[in-house]
Structure formats: structure tokens, C-alpha cells
Amino acid sequence: MNGVNGVKLEDGVTENKTDDSKPQKTIDYEHISEESLRALWRRLRSSNEKRVENESVKIEDEFLFIQSDQDRHLSNRCSSVMNIFRSLSFIPGNDMILSHHPGFLLMISQLLCLHHVHYSELDTQDCNQSIERTSKRSIKEKEALGLPSGWCFSKTLESLRESSFCIMANISGQLDFSNFNQSLYTPLIQSVVHWVTCSSSEAVDPFPPAYLSTITPQRLMLEALSKMSILSSNLQPIVRSIKEQIPALFKTLVLLLGDRTQQVAREFSLVIMSNLSQTGGNEGVEVAHQLANFTQVISLLLKFLED
């Protein structure tokens, strides 16, 4: 029989050595200390950091507050007004009016990423502190919009954000960023690009009911970005606003270009890469350099033409 020797590494953690196998660590959960549990938690979180970062943190505030009749009326009014704007954006001619209103664009840019937080953005070392900080951030965002801090708006926000996606896809073809200040169009462009590159289930899953729709937030933001990049005067503002997001953007576009199951997404990806590559000045050189880093682009383009 093979001999087994136990070597104690730290409190509650033992390394078992066998003659014919590699050392294996076993954990005695009954005698492990609180400090060792914290160390194991940090080690587990660091090893799974890339996987966890993909999903966004959701705080279900409906269970933390009791919604009053006034809050319900406020939610219904917000949803009703947003549905009106959403319906108007489908009528030809209204996209020109909505896309030239700074206040309306500011509202849309705030709704797109409102209360949408990823794990990597929470610089805390404890899960409870992360949740608490996210909840405080939610309250600050509500106060910034003039809403009560205890207003339960998670379900309402999902409806408002879905309408914002549709509105952006409808009016983005008429957007001309040369008519606005950088402080206005920068958060709007960054929000659109974030939803294109976001790999969370909130971004890639179809809108409910899923069995009736195949449209996702990522799909609508791809359409919006492709329309915005058609106008040559928008290219430099777009590239200037997403300098840090360009590598992630091209990575997502290249992956979508190679996905034969999503033909519409492939076409939008090709349009975006083609338009951004025509950016002039130093921004265009940086875009070309970033796109050239993906050596598989040429082969994917040839496959796209063959299909």
C-alpha cells in the first residue's frame, strides 16, 4: 500500500502526500479559523475574477423597501412617458427631432448604464461591503435623477432601459456629434460601446418574452453604433471617446464576424470596423494599429465573402 503523510500548511489546511501521486490539499472546515476563511475567499475570488467580471451586479431593491402607491404611480408615469418616446421614434421624421435635443440625449445616456455595475468596478475586499457600496451607489444615482432614495425601481429600470435601446437604434442614424459638446456625447458613446462589448446575460439574452424575440441589447447597440459611424464627422468623436474601449470593441466585433449563426450581427460588425478604419488623423492610425493586432480578421473577411 502507498504511504500517506499529512503535512499541516496553515490553520485548517493539510497537504496529503502519497508515494505515487502529487500532493493534494484537503480542508477541515470544522477547525478552520476566520482568517483562513477570508484567505480562501480572496484566493477563490482572484482565481475566478475573469469569469465573475462578465456578469453585472444586481441589487433587488424590491425586497428592501415597501413600495407605496405614490411610488407605483411614479413608476407607471415613467414607463408611460418612455413608451410614448419609444413609439414616436419609429415614425419617420421624429428621429431628426429627438436626435437634436440635448436634454433627451442626456437622459438616454444616463438610462443606458444606470445601475449597471460589474464586479471588477467594485474595489472592495469583502462581498458584504461590495453589496453595500452598490446599494449606496444606487441611492446616489436615484438622487441625481431627482428620485426618492427608497424608490424601488429595478423592474421599472428594466423597462426604461429596453425603451432606451430601441430609441437609440432608431435615432442614431441622425446623430451629428459636431453639434454637441464633448461632455454630452462622450457618455452616450461610451454607454453604447459598453453594451456592445458587455458579455453579461443582461446584454446577450433576448428581451422578454424570449420565445417571441431574438433581439438582444447587444444587437440593438450594434445597430446604433453602425449608424452613428456612417457620418464621417462622427468618427473622430467616437474614437476619441472610446480610446480605452477600442481593444475590447474590436475583439467583440471580430468574434461576431466569425459567428455564422448571427448574420445580422456579422454585417453590423463589418460596417463598424470599415467605418472606424476610415478615421482621419492620429485617431485613425491608432484604430488601424488596434485592428491589425487581430491577425484573423483577413481570413474572417474572406469567409464572410464566401458565405
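Peer 1: What exactly am I supposed to notice about the overall build of the protein chain here?
Peer 2: Counting its secondary structure elements, the protein chain contains 15 helices and 5 strands. Counting all 307 residues of the protein chain, 41% fall into the buried class. Once local pairs closer than 6 in sequence are excluded, the contacts in the protein chain between residues at least 24 apart make up 69%. Total accessible area on the protein chain stands at roughly 17,600 Å², and carbon and sulfur atoms take up 54% of it.

Peer 1: I'm lost on the environment of Val297 in this one. Help?
Peer 2: Note that Val297 resides in helix α15 (residues 297-306). Along the sequence, Val297 and Phe250 sit 47 residues apart, while their C-alpha atoms lie 9.9 Å from each other. Contacts of Val297, omitting those with residues within four sequence positions, involve Val254 and Leu291.

Peer 1: Help me out: how do you make sense of helix α13 (residues 263-276) in this one?
Peer 2: Since there are 3.6 residues in each turn of an α-helix, residues three or four apart along the chain are aligned in direction. The terminal C-alpha atoms of α13, which comprises 14 residues, lie 20 Å apart, in line with the 20 Å expected from a rise of 1.5 Å per residue. Where α13 is concerned, the buried positions are Ala265, Arg266, Phe268, Ser269, Ile272, Met273, Asn275 and Leu276.

Peer 1: What is the right way to look at the packing of helix α10 (residues 217-228) against helix α12 (residues 246-257) in this model?
Peer 2: Geometrically, a packed helix pair is captured by the angle between its two axes and the distance between the axes. Running from amino to carboxyl end, α10 crosses α12 at an angle of 110°, the nearest separation of the two axes being 13 Å. If you check the angle between α10 and α12, you find them roughly perpendicular. Residue-level contacts link Gln218, Leu222 and Leu225 of α10 to Leu249, Thr252, Leu253 and Leu256 of α12. Looking at side-chain class alone, the contact of α10 with α12 contains 5 nonpolar, 2 polar and no charged residues.

Peer 1: I keep staring at the confidence of the model for the protein chain and nothing clicks. Help me out?
Peer 2: Regions with low pLDDT carry predicted coordinates that are not meant to be interpreted in detail. The predicted model of the protein chain has a mean per-residue pLDDT of 77, with 66% of residues at 70 or higher. Taking the mean pLDDT of every element in the protein chain, the minimum, 45, falls on helix α2 (residues 49-53) and the maximum, 95, on α10. In this model residues 1-13 is a low-confidence stretch, pLDDT under 50, and it forms 32 contacts with partners more than four residues away in sequence or in other chains. Confidence over residues 47-52 falls short of pLDDT 50; this stretch has 1 contact with residues more than four positions distant or in other chains.

Peer 1: Looking at this model, I keep getting lost on the packing of aromatic side chains. Mind explaining?
Peer 2: Within a pair of aromatic rings, the relevant descriptors are the distance that separates the centres and the angle that separates the planes. A complete count under the given rule lists 4 aromatic pairs for this structure. The interplanar angle of 50° and the centroid separation of 5.0 Å between the aromatic rings of Phe85 and Phe104 together place this pair among those described as tilted. With Phe85 in helix α3 (residues 69-89) and Phe104 in helix α5 (residues 102-112), this residue pair connects regions lying 19 residues apart in the sequence. Exposure remark for Phe104: the relative accessible area of 5% places this residue in the buried category. Measuring from ring centre to ring centre gives 5.4 Å for Phe177 and Tyr185, while their planes differ by 35°; the resulting arrangement is tilted. You'll find Phe177 and Tyr185 in the same group, each marked buried. Among the aromatic residues, those joined into a cluster by ring pairs are Phe165, Trp195 and Phe207.

Peer 1: Please clarify how the side chain of Ser269 should be interpreted in this entry.
Peer 2: Along the chain, Ser269 falls in helix α13. A relative accessible area of 0% places Ser269 in the buried class. At 2.7 Å, the side chain of Ser269 forms a polar contact with the backbone oxygen of Ala265. Ignoring anything within four residues of it in the chain, the contact list for Ser269 reads Leu222, Leu253, Leu256 and Leu257.

Peer 1: How should I be thinking about the nonpolar core in this particular structure?
Peer 2: The nonpolar side chains of soluble globular proteins are, as a tendency, buried together. In terms of nonpolar packing, the biggest core is built from 58 residues, with Met168, Met221, Leu225, Phe250 and Leu276 touching the most fellow members. Aside from chain neighbours lying at most four places away, what touches Phe250 is Met273, Leu276, Val287, Gln290, Leu291 and Phe294.

Peer 1: When you look at the pattern of salt bridges in this model, what are you seeing that I'm missing?
Peer 2: Think of it this way: side chains of opposite charge can pair up when their charged atoms draw near. One pass over the structure, following the stated rule, counts 5 salt bridges. A salt bridge links Glu223 to Arg219; the shortest N-O distance between them is 2.9 Å. Taken together, the residues Glu223 and Arg219, both in helix α10 and 4 residues apart, mark about one turn of the helix. The partner of Glu223 in a salt bridge is Lys227, with the nearest N and O atoms 3.0 Å apart. Remark: Lys227 and Glu223 occur in helix α10; sequence separation between them is 4 residues, near one turn of the helix.

Peer 1: What am I meant to see in the packing of helix α8 (residues 182-197) against α10 here?
Peer 2: At their nearest, the axes of α8 and α10 sit 8 Å apart, and the two run at 135° to each other. In terms of orientation, α8 lies oblique with respect to α10. Handedness of the α8/α10 crossing: left-handed. Across the interface between the two elements, Val192, Val193, Trp195 and Val196 of α8 pack against Pro217, Gln218, Met221, Leu222, Ala224, Leu225 and Met228 of α10.

What counts as what
- Residues numbered from 1 in each chain as written.
- Predicted model: local features only at pLDDT ≥ 70, side-chain atom pairs only at ≥ 80, totals over all residues.
- Heavy atoms only, no water.
- Helix = DSSP H or I, 4+ residues; strand = E, 2+ residues; numbered from the N terminus.
- Buried < 20%, exposed > 50% of the residue type's maximum accessible area, 1.4 Å probe, protein only.
- Contact = heavy atoms within 4.5 Å.
- Areas by Shrake-Rupley, 256 points an atom, 1.4 Å probe, with all protein chains shown as cover.
- Expected span 1.5 Å × (residues − 1).
- Axes fitted to C-alpha atoms, helices over the stretch in contact; angles between N-to-C directions.
- Parallel < 35°, antiparallel > 145°, perpendicular 65-115°, else oblique.
- Nonpolar A, V, L, I, M, F, W, Y, C, P; charged D, E, K, R; others polar.
- pLDDT = per-residue confidence, 0-100.
- Phe/Tyr/Trp six-rings, centres within 6.5 Å; stacked < 30°, edge-to-face > 60°.
- Polar contact = N/O pair within 3.5 Å; in protein donor to acceptor, adjacent residues only side chain to side chain.
- Core = buried A, V, L, I, M, F, W, Y, C linked by side-chain atoms within 4.5 Å.
- Salt bridge = Lys/Arg side-chain N within 4 Å of Asp/Glu carboxyl O.
- Left-handed = near helix turned anticlockwise from the far one by under 90°.

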